Every structure is written in structure tokens, then in C-alpha cells.
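Residue strings, one per chain:
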Amino acid sequence: MSGTGACALVVLRCHGLASLQDGGRRGHQRYGLSPSGAMDPLAMAMANTLVGNKADETVIEFGLGGGEFRVEDGDVRLAVAGAMGMVACDGSPVIGARSFVLAKGQCLTIAPPHRGVFGYLAVAGGIGGASVLGSRALHLRAGIGGIDGRPLRPGDRLDVPADPGGIDRAMPARPHDGHRAIRIMLGPQDDHVSPEGWAVFLGEGLTVSHQADRMGYRLDGPSIAHGGKGYNIVSDGTVAGSIQLPGNGHPIVLMVDRQTTGGYPKIATVVSADLRRLAQRRPGDAVRFAIVDLAQATAAARARSREIAALPGSLRDVAVAEAECLGGANLAGDAVDALASTP
């Protein structure tokens, strides 16, 4: 069956924090509401591109998890990207960075990832439902978006379009460069760190702690020494990627569900192009920072935007991709390494 009729994607089970996400809701930070949205916009864009959607269409985001889904009322075209384990359709592995059709009554199983954190499931035509302030993205602490302000849970039925037809598409794998430093810009309160503290911060001893979620990633390791100005400031605005340094000297990198203001010094900011790379670091993974200037950060952001815009041009027919040996790496399990290589 194909066409444009409505089908249902039924959640049989899901692991970790599985939620609906998209490009986020913009223009509301002055009211204290951060944008939310996908933790890895590039992986979201890849999954959406594979099924013919716009890059920021609503997807299912998994955090350190996977799930099982059944299609009802028709056939549905799907794709996965980011940090995923084995992907199987009725027990048969889905190989490569590709789209595929799940037929009526079939089950899709996505195993938890071997590496990385966030993975994405996209549906051709998007996932139905009402938006809140222009977005379906779940903001858990605000209780908006998602499914009635909550994550997915077994028994949920998601309205999705039937398979629009066409052929399966694949995307080439990318080389791994997961150990490259996370780029940062200093400030606005970088003078709240002592020279000795900066030496520690830019060294090799920091790791992602288990206190890491969509709001912020706390970093473990040696304490970062404050300078003479201490650690209390008058609360001011934050951005995604702001690195706060509280009194205990253990930095916190603010992520997409962050608070919009804060009273700890923001000693640096992760450049927007690299925040998704940090998001894919698991608890215990090492984190190393490198300072760049505004021109370099701007160039990286523009390069990322161009890369996302160019994704449709990288698509190949699955048969052609397999013939060119481009389908050898399973995007569902290994793509987070490949994604980490992009600037």
C-alpha cells in the first residue's frame, strides 16, 4: 500500500528518554523558555533528508536508548541516524545509512547504541500532532511539546503518512575523527578563572559526568580554580553552549533545554557547530577544548549550514550505494563516529 493516507506508528517499547524533537521553538527566551529541539541537528537532518523531509522536521530522538515500533494501517518510509545500535525490520537487519519501508504490521527494532548518545528516527512526511509555540519539540522541564508535555511511552500511537512511494536512498559514510577538540570562544566572564585554572581547563583531565542531560553536561575532573572575582555574578543571559563555572570548580556546559539566565560566571561558549559533538559524548568520555576566535566560530557555523543544505545532493539509490561500497557502515550503530568528523 502506498499513497498519502494516514497510518500509525505504535510505540511498543522505548529505552532512555525518547521524545519528539525538531528544530526547536524560537523567539521565547525573553519569557524564560529555551528553544529545546534536537541535541544533534546534523544527525536529525541526515535522517530527515533520507526520507525526503525538510532538515528540521519532527523526529523521534533517543538518548542512550532505542525502542520497538509497529506500523498500522499502511506502509511507512523511515530512516535512522546518529547514535543507534542494530536496526532491524521484523528481525532482518537494515544495513547502511539508508531509508527503508516498514510494511503494515511489521515491527522496527532499534537497539541501544554502542557509542554516542543521541539517535533519530525520521518518517517520510513527518509525524503528526499539534505544535506548541511553533514547535513539537518536548521541553521536559517546561512540560510542553512532545506527547502532552511528556516523553514517549509504550502504547503511544503517532500519526504518520503512508509511504509516498519512490525508491530507497542511501548516504555515504564519513571518516571518524571523534577525538578532535571541542572548539570554544572565551567569555563573557573568562576573567573569573585564574591562570592555573585555565591550564587545567584546557588540559586533558576533563570527562563527561553522569550528571548530563538535555539541560546541561557537568564535567568531572580536577577543580578549575576561580580568580579573584569569585564565582557569584548578577544573573544574566545564557546561550546554548555557555560554560558555567560554579563554586565547586566543575564546569557545566548548558545544552538545548537550559535555563535562559544564570548567576555563575560563563567562562566560555562552545561554538554552535561543535555543540552536537559534545552532546554525543557519553558519561566517562574525555572532553578537550580548544580556543578559537569569532571569525573561526562564524566560519564553522556557516560550514555546518552549508553541509546540511547540501545533504540532498549526497543521496544515492541504495543499489548504486551498495555497488560503490558506501553501505558498509551501519549508520544506526557507527554513524556517530562518522558525524563527529565534520567541522
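Bear in mind the structure is a predicted one, so any value in this text is a computation, not a measurement. In this numbering scheme, every chain counts its residues from 1 along its sequence in written order. Per-residue local features are limited, in this predicted model, to residues with pLDDT of at least 70; the limit for side-chain atom pairs, both in listing and counting, is 80 or more; totals at the level of whole chains, interfaces and linings are taken over all residues. Note that water and hydrogens are dropped before the side-chain values are worked out from all heavy atoms of the structure.

Caption draft 1: Quick look at the overall build of the protein chain. Under the scheme used here, helices are H or I runs from DSSP no shorter than 4 residues and strands are E runs no shorter than 2 residues, and both carry numbers assigned from the N terminus. A tally of helices and strands in the protein chain yields six helices and 23 strands. Only protein chains enter the calculation, and the probe is 1.4 Å; a residue is then buried if its accessible area is under 20% of its type maximum, exposed if over 50%, and partly exposed in between. Buried residues in the protein chain amount to 54% of all 343 residues. Note on contacts: a residue pair is in contact if any heavy atoms of the two residues lie within 4.5 Å. Across the protein chain, contacts joining residues at least 24 apart in sequence account for 79% of those joining residues at least 6 apart. For the protein chain, the exposed surface amounts to about 13,600 Å²; the carbon and sulfur share of it is 54%. Shrake-Rupley sampling with a 1.4 Å probe provides the accessible areas, and residues are treated as covered by the protein chains on show and by no other component.

Caption draft 2: Expanded view of the nonpolar core. For the purposes of this section, nonpolar cores are sets of buried Ala, Val, Leu, Ile, Met, Phe, Trp, Tyr and Cys residues that join through side-chain atoms within 4.5 Å. Of all hydrophobic cores here, the largest spans 45 residues; its most connected members are Y120, F201, Y217, I243, V253, V270 and F289. Per-element tally for this core: the top contributor is helix α1 (residues 41-50), with seven residues. Grouped together as the second largest cluster of nonpolar side chains are 29 residues, L9, A18, V94 and V160 included.

Caption draft 3: How the structure looks around the pattern of salt bridges. One side-chain nitrogen of Lys or Arg within 4 Å of one carboxyl oxygen of Asp or Glu is enough to make a salt bridge. Inspection of the entire model under this criterion finds 19 salt bridges. The residue R98 makes a salt bridge to D168 at a minimum N-O spacing of 2.8 Å. One end of the pair, R98, is in the loop between β7 (92-93) and β8 (99-102); the other, D168, is in the loop between β11 (157-161) and β12 (169-170), and 70 residues separate them in sequence. Since its relative accessible area comes to 18%, R98 is described here as buried. You can call D168 partly exposed: its relative accessible area is 22%. Its salt-bridge partner being D257, residue R214 comes within 3.1 Å of it at the nearest N-O pair.

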